[in-house]
Number of protein chains: 2
Amino acid sequence: MMNKGSLFIISGPSGTGKGTICNELIKHDDTFLSVSLTTRDRRNDEIEGVTYYYVSADEFRNRIENNMMLEWAQYGDNCYGTPKDKVEEQLNRGVNVILEIEVQGALKVKQQMPEAVMIFLLPPSVEALKSRLLNRDRETREEILKRISIAKGELSKAYLYDYIIINDDFDECLQTIRNIIVDRREKLDFVEKLQESI
Amino acid sequence: MMNKGSLFIISGPSGTGKGTICNELIKHDDTFLSVSLTTRDRRNDEIEGVTYYYVSADEFRNRIENNMMLEWAQYGDNCYGTPKDKVEEQLNRGVNVILEIEVQGALKVKQQMPEAVMIFLLPPSVEALKSRLLNRDRETREEILKRISIAKGELSKAYLYDYIIINDDFDECLQTIRNIIVDRREKLDFVEKLQESI
């Protein structure tokens, strides 16, 4: 019997390179990056099923009520969330799935899927974190303070993650996460072999 | 501010060397191995607070009712479990705590303390597992079948653990677990530094 894929959650404060890491992982590995569902309008440069799945507010509400969302949140007027069916479809096919989501969403997913492996990415230094949080043009003081507050909140939940990894050297960080993913598959295959043997 | 200690749960089928690993960890490292509470009588070669804490059935019941047990189970006429206060006392002092417990208990602890890092130990091979399960003298067929059934049940929950480690080379396995423990402390210290800086 083929083992199911494993679910990996990647979180971390803004600017730790989560997006770049995830893009590399899906480019070269047998992994699927979960695409979020949103109620907001598609912009011109965005692609349905790649950037987001675009649905109406009614459909989104319907999915929540039918327990078809692993997690969701509202930002401004729009809702964003992780569709359960797409994730499970890949896992059942034996494909590893990566969710790049913020901490609150991650904890909700973990409650529903306790087998999820949670990875928290950290910036290499205090300076790197600060420069990412503070140095953006055309932002009000309020927007900056809000971003700092979000980052503090995320960092305060890092201890709940299974793996805490510093993105100091990009290639090394990518390799560490790849090893976690590959190793898990190998170990679960071995567990199955042990189970079948006794 | 000093960080709290981290909680590590170590499980795995009979004969994977959990006990030996744990004894090494507490001998050389700043870690505390949780001692279970039991209602059974103390045997002559056992030491209060080292082998077990020995309490009456009334006290055990009292502790369950007051939510003072992280997990507990009954085997035959006796109850065994993990006292919450002893674990939290060490964690609050900044000491890492190790629980060597079976899978059902581990999952109960994880529900109450989601920050617990769960490590599942595997035997090096099918042969090693079998020889441990089958080759014991003076056991009935029923006892052997029961042990196999327990091992199958434990293996079926391995995917819920954060780390799955094969105890192939003892020193290497010990070092891997040590690295997980030491690394976590370092990372959590770094997280704290980041939080304080912004």
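Residues numbered from 1 in each chain as written. Chains lettered and ligands numbered in written order. Predicted model: local features only at pLDDT ≥ 70, side-chain atom pairs only at ≥ 80, totals over all residues. Heavy atoms only, no water.

K.L.:
Just to check I follow, could you spell out the sheet that holds strand E2 (residues 31-33) of chain A for this structure?
P.N.:
Remark on secondary structure: sheet strands pair via backbone hydrogen bonds, oriented parallel or antiparallel. Residue and element names in this part refer to chain A. Overall, parallel pairing links the 5 strands, which are arranged E2-E7-E1-E8-E9 in an open sheet. The outermost strands of the open sheet, each flanked by one partner alone, are E2 and strand E9 (163-166). The sheet shows a mean angle of 25° between the axes of neighbouring strands, taken without regard to direction. Sheet topology places strand E8 (residues 117-122) next to E9; 4 bridges connect them, and they run parallel. Each bridged residue has a counterpart across the sheet, and for leucine 121 the counterpart in E9 is isoleucine 165. Along the sheet, helix H4 (residues 103-112) contacts strand E1 (7-11), strand E7 (96-100) and E8; its crossing angle with E1, the most-contacted strand, is approximately 160°. (Pairing = 2+ DSSP bridges. Helix = DSSP H or I, 4+ residues; strand = E, 2+ residues; numbered from the N terminus. Axes fitted to C-alpha atoms, helices over the stretch in contact; angles between N-to-C directions. Contact = heavy atoms within 4.5 Å.)

K.L.:
When you look at the interface of chain A and chain B in this model, what are you seeing that I'm missing?
P.N.:
The accessible area lost on association of the parts is a frequent measure of interface size. If you look at the interface, chain A gives 36 residues, while chain B gives 36 residues. Roughly 3200 Å² of surface becomes buried between chain A and chain B when both sides are summed, with 72% attributable to carbon and sulfur atoms. Our count for the contact surface shared by chain A and chain B stands at 15 residue pairs in polar contact (both at pLDDT 80 or more). Taken together, the residues of the side of chain A that touches chain B break down into 23 nonpolar, 4 polar and 9 charged. (Buried area = accessible area lost by both parts, 1.4 Å probe. Polar contact = N/O pair within 3.5 Å; in protein donor to acceptor, adjacent residues only side chain to side chain. Nonpolar A, V, L, I, M, F, W, Y, C, P; charged D, E, K, R; others polar.)

K.L.:
Help me understand the relation of the copies chain A and chain B in this model?
P.N.:
One copy of the chain maps onto the other through a rotation about an axis followed by a shift along the same axis. You can overlay chain A on chain B at an RMSD of 0.0 Å; the transform is a turn of 180° with a shift of 0.0 Å along its axis. Seen this way, the second copy is the image of the first under a two-fold rotation axis. Looking at the rotation axis and the C-alpha trace of chain A, the residue lying nearest is aspartate 162 of chain A, at 3.0 Å. (Least-squares fit on C-alpha atoms with pLDDT ≥ 70 in both.)

K.L.:
Help me understand the pattern of salt bridges in this model?
P.N.:
Scanning all chains against the criterion turns up 16 salt bridges over all chains. The closest approach of N and O atoms between glutamate 24 of chain B and lysine 27 of chain B, which form a salt bridge, is 3.1 Å. Here glutamate 24 of chain B pairs with lysine 27 of chain B, and both are found in helix H1 (residues 18-28), just 3 residues apart, close to one helical turn. Assessed through its relative accessible area of 58%, lysine 27 of chain B is described here as exposed. A salt bridge links glutamate 46 of chain B to arginine 43 of chain B, with the nearest nitrogen and oxygen atoms 3.9 Å apart. We classify glutamate 46 of chain B as buried; its relative accessible area is 9%. Classification of arginine 43 of chain B as partly exposed rests on a relative accessible area of 49%. One continuous salt-bridge network, built from bridges that share partners, spans Arg40, Arg43 and Glu46 of chain A. (Salt bridge = Lys/Arg side-chain N within 4 Å of Asp/Glu carboxyl O. Buried < 20%, exposed > 50% of the residue type's maximum accessible area, 1.4 Å probe, protein only.)

K.L.:
Help me understand the sheet that holds strand E4 (residues 53-54) of chain B in this model?
P.N.:
All names here are of chain B. On the basis of which strands lie adjacent, the open sheet formed by 4 strands has the order E4-E3-E6-E5 and mixed pairing. Each end of this open sheet is capped by a strand with a single partner; those strands are E4 and strand E5 (69-75). The pairing of E5 with strand E6 (residues 78-83) spans 6 bridges and is classified as antiparallel. Bridge pairing in E6 places alanine 73 opposite tyrosine 80. Of the strands in this sheet, strand E3 (37-38), E5 and E6 touch helix H2 (residues 57-65), which is tilted by about 135° from E5.

K.L.:
Sorry, what's going on with the packing of aromatic side chains here?
P.N.:
Note on aromatic pairs: each is described by the distance of the centres and the angle between the planes. A complete count under the given rule lists 11 aromatic pairs over all chains for this structure. Judged by centre distance (6.2 Å) and plane angle (75°), the rings of phenylalanine 60 of chain A and tryptophan 72 of chain A are edge-to-face. Placement of phenylalanine 60 of chain A in helix H2 (residues 57-65) and of tryptophan 72 of chain A in strand E5 (residues 69-75) is noted, with a sequence separation of 12 residues between them. You can call phenylalanine 60 of chain A buried: its relative accessible area is 1%. Exposure remark for tryptophan 72 of chain A: the relative accessible area of 33% places this residue in the partly exposed category. Ring centres 6.1 Å apart and planes at 70° place the aromatic pair tyrosine 52 of chain B and tyrosine 54 of chain B in the edge-to-face group. Here tyrosine 52 of chain B matches tyrosine 54 of chain B in class, with each residue buried. Each member of the aromatic cluster is reached from another via a ring pair, and the members are Tyr52, Tyr54, Tyr75 and Tyr80 of chain A. (Phe/Tyr/Trp six-rings, centres within 6.5 Å; stacked < 30°, edge-to-face > 60°.)

K.L.:
How should I be thinking about the environment of methionine 118 of chain B in this particular structure?
P.N.:
Residue and element names in this part refer to chain B. With respect to the helices, strands and loops of the structure, methionine 118 is situated in strand E8 (residues 117-122). Along the backbone, methionine 118 and alanine 106 are 12 residues apart, and their C-alpha atoms lie at a distance of 7.9 Å. Non-local contacts of methionine 118, meaning those with residues more than four positions away in its chain, are made with Ile9, Ala106, Leu107, Lys110, Leu160, Tyr161, Asp162 and Tyr163.

What is shown is where atoms sit, not what they do.
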